[in-house]
Amino acid sequence: MNSLTIQNTRSYLALCKLRVVSLIVFTALVGMALSVPGMIPLDVLILGNLGIGLAAASAAAINHLLDARTDIFMTRTRHRPLPTGQLTEAQVIRFAVSLAVASMLVLGLFINVLTAALTFVSLIGYAVIYTVWLKHATPQNIVIGGAAGAAPPVLGWTAVTGEIHAHALILFLIVFVWTPPHFWALAIYRRHDYEAAEVPMLPVTHGVTFTRWQILFYTIILVLVTLLPWLTGMSGLVYLAGATVLNLGFLGYAIAMLKPRNEQLAMQMFNYSVLYLMALFAFLLIDHYLSLI
């Protein structure tokens, strides 16, 4: 494999935002696991997560395409494949469409139509509605657009059962409420980038102090929402103990953000929020299978 092929491969992989996709697939996997009392059917486990992952990668690639003109103004994104000319718009379009078609074929043919339809709606919601309209229309962009990012646990659930259950909606609600404090922490740290790109993120339009209070407000809601799996009997004490520890950490960061020691604290909270969601869903998974022993 020559150096040009290796570079192209890396560029295409960069379009997929693999870290984000891995978190999406993991939350979908937990949705699958919690939907059944035993093990996930092997075909659904493999093909369901493959289809959901392909759709997430397609949405990420479309996001790269539509954001290319503003990415060049931001330190965090100016080295992406499109702003640097590593890939052309035509190449990205073909790649994104190919992933989307593959996703719909896998989910529609081998899983069920409901999961394929919900996945397609989520793809359009993030890649088009959020990126094209919401992101540039309102400082509440991440709150409204967060619905698309919160869908994977529901997609995992429907992939196994073919129906939407109230417990699946609890998982949706957790990710939905987690998204604003997660993303606003990054937005505070990168607020000058968003200002340069004329993207109306909350720290740009309403100031950092207001955004810090909003982070605390949503974090308190998140703490309450994460009690729902235990309160509804969906999960047990193992989950509750894990969630309590994780919530103390999240709440600690949100309080510290009101009077930050330095600019790095916002980025530290952002990084913690990613680990938080992964660990929270891991506790859901562990608790579920421990209850079967």
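Residues numbered from 1 in each chain as written. Predicted model: local features only at pLDDT ≥ 70, side-chain atom pairs only at ≥ 80, totals over all residues. Heavy atoms only, no water.

### Some details on helix H6 (residues 141-149)
Among the residues of H6, those classed as buried are Asn141, Ile142, Val143, Gly145, Gly146 and Ala148. Of the surrounding secondary structure, the elements contacted by the buried residues of H6 are helix H5 (113-137), helix H7 (152-161), helix H8 (166-189) and helix H11 (208-225). (Buried < 20%, exposed > 50% of the residue type's maximum accessible area, 1.4 Å probe, protein only. Helix = DSSP H or I, 4+ residues; strand = E, 2+ residues; numbered from the N terminus. Contact = heavy atoms within 4.5 Å.)

### Thoughts on the side chain of Asn49
Its place among the elements puts Asn49 in helix H3 (residues 42-71). Within the structure, Asn49 has its side chain in polar contact with the backbone oxygen of Leu45 (distance 2.8 Å). Filtering out sequence-adjacent residues up to four positions away, Asn49 remains in contact with Val25, Ala28, Leu29, Met32 and Val44. (Polar contact = N/O pair within 3.5 Å; in protein donor to acceptor, adjacent residues only side chain to side chain.)

### Considering the packing of H5 against H6
It is at 8 Å that the axes of H5 and H6 come closest, and there the two elements cross at 165°. The orientation of H5 with respect to H6, classified from their angle, is roughly antiparallel. Note that H5 runs across H6; the crossing there is right-handed. Listed contacts from H6 to Ser122, Gly125, Tyr126, Tyr130, Leu134 and Lys135 of H5 are Asn141, Ile142, Ile144, Gly145 and Ala148. Classifying every residue of the contact of H5 with H6 gives six nonpolar, four polar and one charged. (Axes fitted to C-alpha atoms, helices over the stretch in contact; angles between N-to-C directions. Parallel < 35°, antiparallel > 145°, perpendicular 65-115°, else oblique. Left-handed = near helix turned anticlockwise from the far one by under 90°. Nonpolar A, V, L, I, M, F, W, Y, C, P; charged D, E, K, R; others polar.)

### Observations concerning the packing of aromatic side chains
Per the stated rule, a full pass over the model turns up nine aromatic pairs. With a centroid separation of 5.8 Å and 15° between ring planes, the pair formed by Tyr126 and Tyr130 is classed as stacked. With a gap of four residues between them, Tyr126 and Tyr130 both fall in helix H5, about one helical turn apart. On the basis of relative accessibility, which here comes to 26%, the residue Tyr126 falls in the partly exposed class. (Phe/Tyr/Trp six-rings, centres within 6.5 Å; stacked < 30°, edge-to-face > 60°.)

### What to know about the packing of H11 against helix H13 (residues 237-256)
At their nearest, the axes of H11 and H13 sit 9 Å apart, and the two run at 165° to each other. Judged by the angle between their axes, H11 and H13 are roughly antiparallel. H11 and H13 meet at a crossing whose hand is left-handed. On H13, the residues that touch Ile215, Leu216, Thr219, Ile220, Leu222 and Val223 of H11 are Asn247, Phe250, Leu251, Ala254 and Ile255. For the contact of H11 with H13, a count of residues per class yields nine nonpolar, two polar and no charged.

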